Amino acid sequence: MTETELGSATRPGGTGEPMIVLEGVEKWFGHFQALAGVDLVVGRQEVVVVAGPSGGGKSTLIRCINRLEKHDRGRIVVDGIELSDDIRHIQEVRRETGMVFQQFNLFPHLTVLENITLAPRQVRRWPKKRAQQKANELLLRVHIPEQAHKYPGQLSGGQQQRAAIARALAMEPKIMLFDEPTSALDPEMIKEVLDVMEELASSGMTMIVVTHEMGFARAVADRMVLMADGEIVEVGTPEHFFVNPREERTKQFLSQIL
Amino acid sequence: MDTRMLEPLAVPEVAPPERSLSPGRWVKENLFSTWFNGVLTVLLAALLGWALYKIGRFVFVDARWEIVEVNLTNILVFRFPRDELWRLWAGMFVLAAAFGVGAGVAARLKREEEGGGGPGTTSPLTTLRRLGPLIAVAGVFLWFAKSVEGTLLVLAIAAVWGVARFAGLQIPPRRARWAGGGVLLAIVLAYVIVTSFGGVGWSEGWGGLLLTVFLAAAGIAISFPLGVLLALGRRSSLPAVRIVCITYIELVRGVPLITLLFLGAFMLGFFLPPGSDTPSLETRALVALVLFTAAYVAEIVRGGLQAVPRDQTEAAQALGLSPLKTTRLIVLPQALRAVIPALVGQFISLFKDTSLVFIIGLTELLAVSELITKQPEFLAEGLIIETLVFAGFVYWGGSYWMSRESQRLERRLGVGER
């Protein structure tokens, strides 16, 4: 695939098969327009990193993909399912989509193991044993197998975020959405979380990552997206994006952050 | 780099410096550090001593407790037919067995949760301390009863509880979910033993402490779920549900409990379709207590629901949990935990407010305490102080026990906050 092809927002990377399709998506909060007509197609197994100034609509964009926010105009199709008011479609999309939040959002009244097994048991109706086996595998994968029986409040921030990633993965999602997963972490804990995400990306997971970690973006992203004022300003491969950006807005943003 | 940050749990704990004082120095530092504090200490000690002397003298010397001694059965059950008292004992045996098994299962679950299948951490002594206030009340009752038979029966109930708890400890956790149903079934069984097959229905002659405890227990058991539903309804996105709940809560909270009791007692007939049987006075009193408490429970629970961050709901939704499961498994447990103190406070209020039903003509604990002073042999003897002190002691025992259980529950559930 050539560079110009990857420079298009609507031509998917990864395997080339579209996994997430956004067409003219608009979103208002009162009189404030958070998304002003976003077109983006993410391919299967593709990793897209979304960057941009705060208030630019990055979080709103990925929160629309699993319907934590309802879009006001346009279409969103996830793995062939169009998001509408139909609650069954929404639940179907949410089952296929894992999400990791800035503040981890682990359930404080449940142990790490219970946090992870909750959704598979309640939503997928797995028997307890199978869910626990899966949870233990995942805890090994995010390198905190010894924390299974602790409560989130007893873990460090980095450990909590890795537990949150394991919780999302337990549903065996096809897509993972990351909403600034390292922004609430102390500097020395960022790497342990990014390492887990990098391993996940190389395993072929379809990912959209909102982050300010440009080192991670350069190493892992298939495509970079710059969002500002509710619009996609520029799309491109990391090489193109960091070395040779087209848009003035991108250059400005990069000069501030790098 | 500060490596301790990576392993926050590995920091060795250093004990704070110890500071021990000899008794003499302690007294000097804490009670007589300045001349002003010295004077205060002497004055307060005198006041305290005088009060203790007065109370002690009343309780152990002056008080004529024979009015309580003679009326012990009246205070406990009032008009409950004496021929049927065995039903109450039988009911208590059933409850002791069921709650014993429940306690055993709970203790084992807790132990396995904390990892390690070692010996139980709760000793019989802890249990005795937990039930302290109730044991004190039972002890005073037995002291007044001076009945060998009664003492033996109470000890037998305690023994059944102990044996049942031991049995409960043997039940493996995977069968534990049956225990809850078993306890519920036992409560129904105890109720049936007392009321059916020639027994006495609760509105056909229950009185005294029996009626008080029943009104409080049934009131709590019904008003709690009702209050939770009202709280959820008040936050519903359906306007009709929301408006009904808000109207109900605000109406009931705006009216004194006594008004509700009077309304139930004297005006219910106007609201019921003509020709239908009017429910008994006891039923009406219970309904009033439940309706009143549910409104307060609803507001307490709503406070808890608001304390759970929106993030929690979003995380549950993102995992694909349905709204119902999100509420039941994520939001409610956190909300209820946050409001345990207020909730138990409301239930303690309910326990004591059951005494108000005496103004619509029911003879619960407080009413009996007043009534027995009018018996011919005690009339005009001025023994109301004795009976009120005794009733107060019984209320205190129940309330203090509930308060301590609430603190225990908080500690137990607060484990994640450490």
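Values in this document were obtained by computation on a predicted structure and should not be read as measured data.

1. Quick word on the interface of chain B and chain A
Phase 1: Contacts between the two partners involve 28 residues from chain B and, on the opposite side, 32 residues from chain A.
Phase 2: With both sides pooled, the region where chain B packs onto chain A buries about 2,700 Å², and carbon together with sulfur makes up 57% of that total.
Phase 3: Viewed at the interface, chain A and chain B are joined by 1 salt bridge.
Phase 4: Between Arg63 of chain A and Glu314 of chain B there is a salt bridge, with its nearest N and O atoms 2.6 Å apart.
Phase 5: Summed over the shared surface of chain B and chain A, the number is 7 residue pairs in polar contact (both at pLDDT 80 or more).
Phase 6: Secondary structure elements with two or more residues in the side of chain B that touches chain A: helix H14 (310–318) and helix H15 (323–338) of chain B.
Phase 7: Residues belonging to the side of chain B that touches chain A are distributed by class as follows: 14 nonpolar, 6 polar and 8 charged.

2. What about empty space enclosed by the protein?
Any empty space left between the atoms is revealed when a probe the size of a water molecule rolls over them.
Phase 1: Applying the stated criterion across every chain, the model contains 1 cavity of 30 Å³ or more.
Phase 2: The space that makes up the largest cavity amounts to roughly 40 Å³.
Phase 3: Along its surface, the largest cavity is lined by Thr97, Gly98, Met99, Phe101 and Arg167 of chain A together with Ala315, Ala318 and Leu319 of chain B.
Phase 4: Of all the secondary structure elements, the ones that give two or more residues to the lining of the largest cavity are strand E6 (97–100) of chain A together with H14 of chain B.
Phase 5: If one sorts the elements of the lining of the largest cavity by residue count, E6 of chain A sits on top with 3 residues.
Phase 6: Here the residues of the lining of the largest cavity are counted per class, giving 5 nonpolar, 2 polar and 1 charged.

3. A word on the sheet that holds strand E9 (residues 223–228) of chain A
By definition, the strands of a sheet pair up through backbone hydrogen bonds, in either a parallel or an antiparallel sense.
All names here are of chain A.
Phase 1: Ordered in space as E6-E7-E8-E3-E9-E10, the 6 strands form an open sheet in which the pairing is mixed. Among the strands making up the open sheet, the edge pair consists of E6 and strand E10 (231–236). The average undirected angle you get between the axes of adjacent strands in this sheet is 15°.
Phase 2: Sheet analysis places strand E3 (residues 47–51) next to strand E8 (residues 206–210), joined by 4 bridges and oriented parallel. Residue Val49 lies in a different strand from E8, and its bridge partner there is Val209.

4. Concerning the sheet that holds strand E1 (residues 18–29) of chain A
Residue and element names in this part refer to chain A.
Phase 1: The sheet built from 4 strands is open, its strands ordered E2-E1-E4-E5 with antiparallel pairing. If you trace the sheet from one side to the other, it starts and ends with strand E2 (32–43) and strand E5 (81–82), each paired once.
Phase 2: Bridging between strand E4 (residues 73–78) and E5 involves 2 bridges; their strand directions are antiparallel. When the sheet's bridge partners are listed, Val78 is paired in E5 with Ile81.
Phase 3: Along the sheet, helix H2 (residues 58–65) makes contact with E1, E2 and E4, crossing E2 at roughly 60°.

5. Some details on the pairing of E9 of chain A
Residue and element names in this part refer to chain A.
Phase 1: Counting buried residues along E9, 6 of its 6 residues qualify, which places the element largely inside the surrounding structure.
Phase 2: The two faces of E9 match: Arg223, Val225 and Met227 on one face and Met224, Leu226 and Ala228 on the other face are all buried.
Phase 3: Here E3 pairs with E9 via 4 bridges, running parallel. In the sheet register, Val49 faces E9, and the bridge partner there is Met224.
Phase 4: When E9 meets E10, the two strands line up antiparallel, connected through 5 bridges. Residue pairing across strands places Val225 opposite Val235, the latter belonging to E10.
Phase 5: Counted along the chain from E9 to the antiparallel partner E10, the turn is 2 residues long, and its residue Asp229 has a positive phi close to 50°.

6. Observations concerning the packing of aromatic side chains
Phase 1: Tallied over the full model, the rule gives 15 aromatic pairs over all chains.
Phase 2: Here Phe262 of chain B and Phe266 of chain B contribute two aromatic rings whose centre-to-centre distance is 5.6 Å and whose plane-to-plane angle is 20°, an arrangement assigned as stacked. With Phe262 of chain B and Phe266 of chain B both in helix H12 (residues 257–271) and 4 residues apart, the pair spans about one turn of that helix.
Phase 3: Accessibility expressed as a relative area gives 34% for Phe262 of chain B, which makes it partly exposed.
Phase 4: Here the aromatic cluster, defined as three or more aromatic residues joined through ring pairs, consists of Phe58, Trp65, Phe141, Phe144 and Phe390 of chain B.
Phase 5: Positioned over the ring face of Phe242 of chain A is Arg218 of chain A, at 4.7 Å from the centre of the ring.
Phase 6: The ring of Trp143 of chain B is capped by Lys146 of chain B, whose NZ or CZ atom sits 5.1 Å from the centre of that ring.

7. Concerning helix H18 (residues 384–413) of chain B
Phase 1: Taking 1.5 Å as the rise per residue, H18 of chain B with 30 residues should run 44 Å; its terminal C-alpha atoms sit 43 Å apart, in good agreement.
Phase 2: Within the sequence span of H18 of chain B, burial applies to Glu386, Thr387, Phe390, Ala391, Val394, Tyr395, Gly397, Gly398, Ser399, Met402, Glu405 and Ser406 of chain B.

8. Concerning the nonpolar core
Phase 1: In terms of nonpolar packing, the biggest core is built from 48 residues, with Ile165, Met176, Phe178, Met197, Met207 and Met224 of chain A touching the most fellow members.
Phase 2: Among the elements that take part in this core, helix H7 (residues 187–202) of chain A stands out by supplying 8 residues, more than any other.

9. Quick look at the layout of surface pockets
Phase 1: Quantified by volume, the second largest pocket comes out at close to 830 Å³.
Phase 2: Every residue lining the second largest pocket is counted, 24 residues in all, and those nearest its centre are Thr313, Gln317, Pro323, Leu324 and Thr327 of chain B.
Phase 3: Sorting the residues of the lining of the second largest pocket by element identifies helix H3 (87–96) of chain A together with H14 and H15 of chain B as the ones contributing at least two each.
Phase 4: Its residues assigned to classes, the lining of the second largest pocket shows 12 nonpolar, 7 polar and 5 charged.

10. Here we look at the confidence of the model for chain B
Residue and element names in this part refer to chain B.
Phase 1: The predicted model of chain B averages 84 in pLDDT, with 92% of residues at 70 or higher.
Phase 2: Note that pLDDT drops below 50 for residues 1–7; the model gives that stretch 11 contacts with residues more than four away or on any other chain.
Phase 3: With pTM at 0.83, the complex prediction returns an ipTM value of 0.89.

Reading the values: rules and limits
- Residues numbered from 1 in each chain as written.
- Chains lettered and ligands numbered in written order.
- Predicted model: local features only at pLDDT ≥ 70, side-chain atom pairs only at ≥ 80, totals over all residues.
- Heavy atoms only, no water.
- Contact = heavy atoms within 4.5 Å.
- Buried area = accessible area lost by both parts, 1.4 Å probe.
- Salt bridge = Lys/Arg side-chain N within 4 Å of Asp/Glu carboxyl O.
- Polar contact = N/O pair within 3.5 Å; in protein donor to acceptor, adjacent residues only side chain to side chain.
- Helix = DSSP H or I, 4+ residues; strand = E, 2+ residues; numbered from the N terminus.
- Nonpolar A, V, L, I, M, F, W, Y, C, P; charged D, E, K, R; others polar.
- 1 Å grid on protein atoms, 1.4 Å probe; cavity = no way out; pocket = protein on both sides within 12 Å on 5 of 7 lines; lining within 4 Å.
- Points joined across faces, edges and corners; volume = space filled by probe spheres on them.
- Pairing = 2+ DSSP bridges.
- Axes fitted to C-alpha atoms, helices over the stretch in contact; angles between N-to-C directions.
- Buried < 20%, exposed > 50% of the residue type's maximum accessible area, 1.4 Å probe, protein only.
- Phe/Tyr/Trp six-rings, centres within 6.5 Å; stacked < 30°, edge-to-face > 60°.
- Lys NZ or Arg CZ within 6 Å of the ring centre and 35° of its normal.
- Expected span 1.5 Å × (residues − 1).
- Core = buried A, V, L, I, M, F, W, Y, C linked by side-chain atoms within 4.5 Å.
- pLDDT = per-residue confidence, 0-100.

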